[in-house]
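Architecture and fold: a report
Residues per chain, in single letters:
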Amino acid sequence: MLRKLLLTTIISFSILSPVFAGRDSEEHNFPDYKLTSKCAKVAAGELEDSLFEGLDLEDPNHQVSMDIGNDVFNFDDCHEDDLKFEDFNFQDSAAQTHNLPEAERVTKRPKVAAENPEEQLPPAVLTPLRNTADFRKVAPKLYTGAGLPYKVPTVLVKFILSFITDFKDIESLSLVSRGLCNWVDARTHLKVKSGIDQKELLNLLRNKTKLGSLNLSEHGNLTDAELGVISSICPNLTSFNLAGCCKMTDAGLEAIATWHPNLTSLNLKSFWKTIKDQITDAGLRIIGASFPKLTSLNLKRRQRITDDGIRALAEGCRNLTSLDFYGYDDHLCEITDNGLRAVAKGGSKLTRLKLDSDRITDEGLSALAEGCPELTTLKLWDCNKITDNGLRALANSCPKLTWLELWGSQWGITDDGLRAMAANFLNLRHLDLSYGNGITEEGLYVIAASFPSLTYLNLKGINIDYEHPLVSASRFPSVKALDLTLNEQITDQSLNSIVEIFPNLTSLVIVDCNITHVGLQVIVASYPNLTFLDISGCGIPDEDMLEIAHARSFLRIVK
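The residue numbering used here restarts from 1 in each chain and proceeds along that chain's sequence as written. In view of the model being predicted, local features appear only for residues whose pLDDT reaches at least 70, and side-chain atom pairs are presented and counted only at 80 or more, with totals across whole chains, interfaces and linings using the full set of residues. Side-chain numbers here rest on the full set of heavy atoms in the structure, without hydrogens or water.

1. Considerations on the overall build of the protein chain
- Per the convention used, a helix needs a DSSP run of H or I reaching at least four residues, while a strand needs a run of E reaching at least two, with both numbered from the N terminus. Within the protein chain, the regular secondary structure consists of 20 helices and 18 strands.
- The 559 residues of the protein chain split such that 53% are buried.
- Residue contacts are defined here by distance: any two heavy atoms, one from each residue, within 4.5 Å place the two residues in contact. Expressed as a percentage of contacts within the protein chain between residues at least 6 apart in sequence, the contacts between residues at least 24 apart total 78%.
- Each accessible area is a Shrake-Rupley result for a 1.4 Å probe, and residues are judged covered by the shown protein chains and nothing else. Roughly 24,800 Å² of accessible area belongs to the protein chain as shown, and the carbon and sulfur atoms make up 51% of that amount. Burial classes: relative accessible area under 20% of the type maximum marks a residue as buried, over 50% as exposed, and values in between as partly exposed (1.4 Å probe, protein chains only).

2. Observations concerning the pattern of salt bridges
- Salt bridges are identified by distance alone: a Lys or Arg side-chain nitrogen within 4 Å of an Asp or Glu carboxyl oxygen. As enumerated under the stated definition, the model contains eight salt bridges in all.
- Where aspartate 324 meets lysine 354, a salt bridge forms, and the shortest distance between an N and an O atom there is 3.4 Å. Of the two residues, aspartate 324 sits in strand E9 (residues 322-325) while lysine 354 sits in strand E10 (residues 352-356), which places them 30 residues apart along the sequence.
- By relative accessible area, aspartate 324 is classed as buried at 3%.
- Classification of lysine 354 as buried rests on a relative accessible area of 10%.
- One salt bridge in this structure joins arginine 475 and glutamate 500, with 3.9 Å as the shortest N-O distance. With arginine 475 in the loop between helix H17 (469-472) and strand E15 (481-483) and glutamate 500 in helix H18 (residues 492-501), this pair connects stretches of sequence that are 25 residues apart.
- One network of salt bridges, with partners in common, ties together Asp416, Arg419 and Glu442.

3. Thoughts on the confidence of the model for the protein chain
- Summing up the model confidence of the protein chain, the mean pLDDT is 75 and the portion of residues at 70 or higher is 68%.
- For every residue, the predictor reports its confidence as pLDDT, a number between 0 and 100. In the predicted structure, residues 13-132 sits below a pLDDT of 50 and forms 222 contacts with residues beyond four places in sequence or in another chain.
- Note on residues 134-150: pLDDT is under 50 here. Beyond four places in sequence and across chains, it has 50 contacts.

4. Topic: the nonpolar core
- What makes a nonpolar core is a set of buried Ala, Val, Leu, Ile, Met, Phe, Trp, Tyr and Cys residues whose side-chain atoms join them at distances within 4.5 Å. With 113 residues, the main nonpolar core has Leu266, Leu404, Tyr466 and Phe502 as its most contacted residues.
- Residue contacts for leucine 404: discarding those within four places in its chain leaves Leu378, Leu391, Leu394, Met421, Phe425, Leu428, His430, Leu431 and Asp432.
- Membership of the second largest hydrophobic core comes to five residues, among which are Val157, Leu161, Ile164 and Leu180.

5. Quick word on the packing of helix H12 (residues 337-346) against helix H13 (residues 362-371)
- Packing of H12 against H13 leaves a shortest axis separation of 8 Å and a crossing angle of 5°. As judged from the angle between their axes, H12 and H13 are roughly parallel. In this structure, H12 uses Asp337, Leu340, Arg341, Val343 and Ala344 to contact H13, whose residues at the interface are Glu363, Gly364, Leu365, Ala367, Leu368 and Gly371.
- Here the residues of the contact of H12 with H13 are counted per class, giving six nonpolar, two polar and three charged. All axes here are fitted lines through C-alpha atoms, helices being fitted over the stretch that makes contact, and every angle between N-to-C directions spans 0 to 180 degrees. Roughly parallel refers to an angle under 35 degrees, roughly antiparallel to one over 145, roughly perpendicular to one between 65 and 115, and oblique to any angle outside these ranges. Each residue gets one of three labels, nonpolar for Ala, Val, Leu, Ile, Met, Phe, Trp, Tyr, Cys and Pro, charged for Asp, Glu, Lys and Arg, and polar for the others, Gly among them.

6. As for the packing of helix H8 (residues 224-233) against helix H9 (residues 250-259)
- Axis separation between H8 and H9 bottoms out at 8 Å; the angle between their running directions is 10°. One finds that H8 runs roughly parallel with respect to H9. Counted together, Asp224, Gly228, Ser231 and Ser232 of H8 and Ala251, Gly252, Ala255, Ile256 and Trp259 of H9 form the full contact between these two elements.
- Here the residues of the contact of H8 with H9 sort into four nonpolar, four polar and one charged.

7. Notes on the pairing of E9
- Neither face of E9 is exposed, since Ser322 and Asp324 on one face and Leu323 and Phe325 on the opposite face are all buried.
- As defined by bridge partners, strand E8 (residues 296-298) adjoins E9 across three bridges and the pair is classed as parallel. The residue bridging serine 296 from the neighbouring strand is serine 322, located in E9.
- Clockwise travel from the first strand over the helix to the second, with the strands pointing away from the viewer, marks a crossover as right-handed. Where the polypeptide runs from E8 across helix H11 (residues 307-316) and back to E9, its parallel neighbour, the crossover connection is right-handed. Strand pairing requires that DSSP identify at least two bridges connecting the strands.

8. Some words on H18
- Most of H18 is tucked away, with seven of its ten residues classed as buried.
- Every buried residue of H18 is accounted for by Asp492, Ser494, Leu495, Ser497, Ile498, Val499 and Ile501.
- Its buried side turned inward, H18 meets H17 and helix H19 (517-526).

9. What about unusual backbone geometry?
- Although it is not a glycine, tyrosine 435 sits at a positive phi angle of roughly 60°.
- Of note, tyrosine 435 is situated in the loop between strand E13 (430-432) and helix H16 (441-450).

10. Notes on the pairing of strand E11 (residues 377-381)
- Among the five residues of E11, four are classified as buried, and the element is accordingly described as predominantly covered.
- In terms of strand pairing, E10 meets E11 through five bridges, oriented parallel. Looking at E11, one finds that aspartate 356 is bridged to tryptophan 381.
- Considered for its hand, the β-α-β crossover made up of E10, H13 and E11 is right-handed.
- Relative to strand E12 (residues 403-405), E11 is paired through three bridges, and the arrangement is parallel. Residue pairing in the sheet places lysine 379 in a bridge with glutamate 405 of E12.
- In the classification by handedness, the crossover that spans E11, the intervening helix H14 (residues 388-397) and the parallel E12 is right-handed.

11. Thoughts on the packing of aromatic side chains
- Paired rings are identified among Phe, Tyr and Trp, the last through its six-membered ring, by centres lying within 6.5 Å, and are further divided according to the angle between planes into stacked (under 30 degrees), edge-to-face (over 60) and tilted (the rest). This model, assessed by the stated rule, comprises four aromatic pairs.
- A ring pair is formed by tryptophan 381 and tryptophan 407, whose centres lie 4.8 Å apart and whose planes are at 10°; its orientation type is stacked. Within this pair, whereas tryptophan 381 is found in strand E11, its partner tryptophan 407 is found in the loop between E12 and helix H15 (415-422), the two being separated by 26 residues in sequence.
- Plain terms: the ring middles of tryptophan 407 and tyrosine 435 are 5.2 Å apart, the flat faces sit at 80° to each other, and that makes the pair edge-to-face. Residue tryptophan 407 is located in the loop between E12 and H15, and its partner tyrosine 435 is located in the loop between E13 and H16; the two are separated by 28 residues in the primary sequence.

Next comes the structure, spelled out in structure tokens:
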């Protein structure tokens, strides 16, 4: 519904704009607005005028920009998953630019009273467009002002058009504005939504010779032959997302390799647990031999991959920076220390690695750390054979780590391992020690004293007494997200200590702990900026939850 509403707005504007083209723009007040977004990954990129033949989006007296601090980016690099419509709001640009140098200030039109004051755009911040109803209220003012069509911000037009993936919608758009349709056809990044069959998909991708990034993760039934055809009509792909393509085999990889020697990102993640995996070590040999420029590879839930395939991959793809070998549930990946040695030998540029294997030991981790000193993100789930010795080797060789997950280390990681980390991981921001039974109150004190930049801490399944003197003396002012699930020592009383130890939380998970509605009141009263709270399994009555939810509408509570 929202997509159709937005598309209708664009089409209506392009039809009506010639009607009002001759009116005097000085008859009404057109406040300048600066488009802002909470998405820190995107920036405002201007489109070429030639792409909007029938739509006047540029005006010398009206400037639209996106304020995201000092970040510089290209909007084309933003994927739909990173940017949601509800992230947008409109603010008076005068409030944003009064401190800027004269040359950088937005030129504003003279303010002239509107014929109908109720239709005049307010100078204050407009209501964020959270849903279709909100948009319907704001859209008339946003696009018509006081009787005239308001200039649609270019960046918003591009965002709206990013939703158009249906072939029939593109054909309809071409009847209204060839300029808009040309931009849709000229996109270099495309995520094709579900709901269209293979024939429509091929029609949509026709003449997409300039397409650089293609996401087909919602088309899991594509066969090897169809993937070969798609590759042939999109020969310039550098990023290919085939997550969930359950019918794809090693032959499909070979067909893709024929057309995409410059591929830098490949996602082969499997969504299926019951279908036999058809990507094997032979497929990894194809990848290693065909994609020398590959920097990112996702093999999550690909269960027929062994050390032999990893060795062939590492030998051929020496530019890899991101690698994912996650399994699922009780079926872990089959990589051993030999596989990690192969990765270390050819992975000197690796910055991000994810794997879960109960066959990895300190020896393999030490080899990985020595061969991959650029690691910034390391996720080791269910690697329960790793001990403090492996963690010590990691700390000595990978000082750039900012994200570390040791989920399910059991008794292997203790306070001694945390002390070894403390000397080198000064920039650590994300730490997951879930089910680390060897961690005690002393270990938590070490974490507090050693990692001042920590913003996320997961202590799930670790029974720590938060009224212990060492813990009470600890402070985590930078931690925003905390998980204390399955800690039987957490009670209403200990929550008072937790609030002092973690004073600035915005997200708290406290599942299956011994707290009541009294503790819930303490949490809500102590964290005014809390936006997420999971208290599942705590047995708190629904009426208490509803009362909190009514008082704090922006707080999401999971029970």
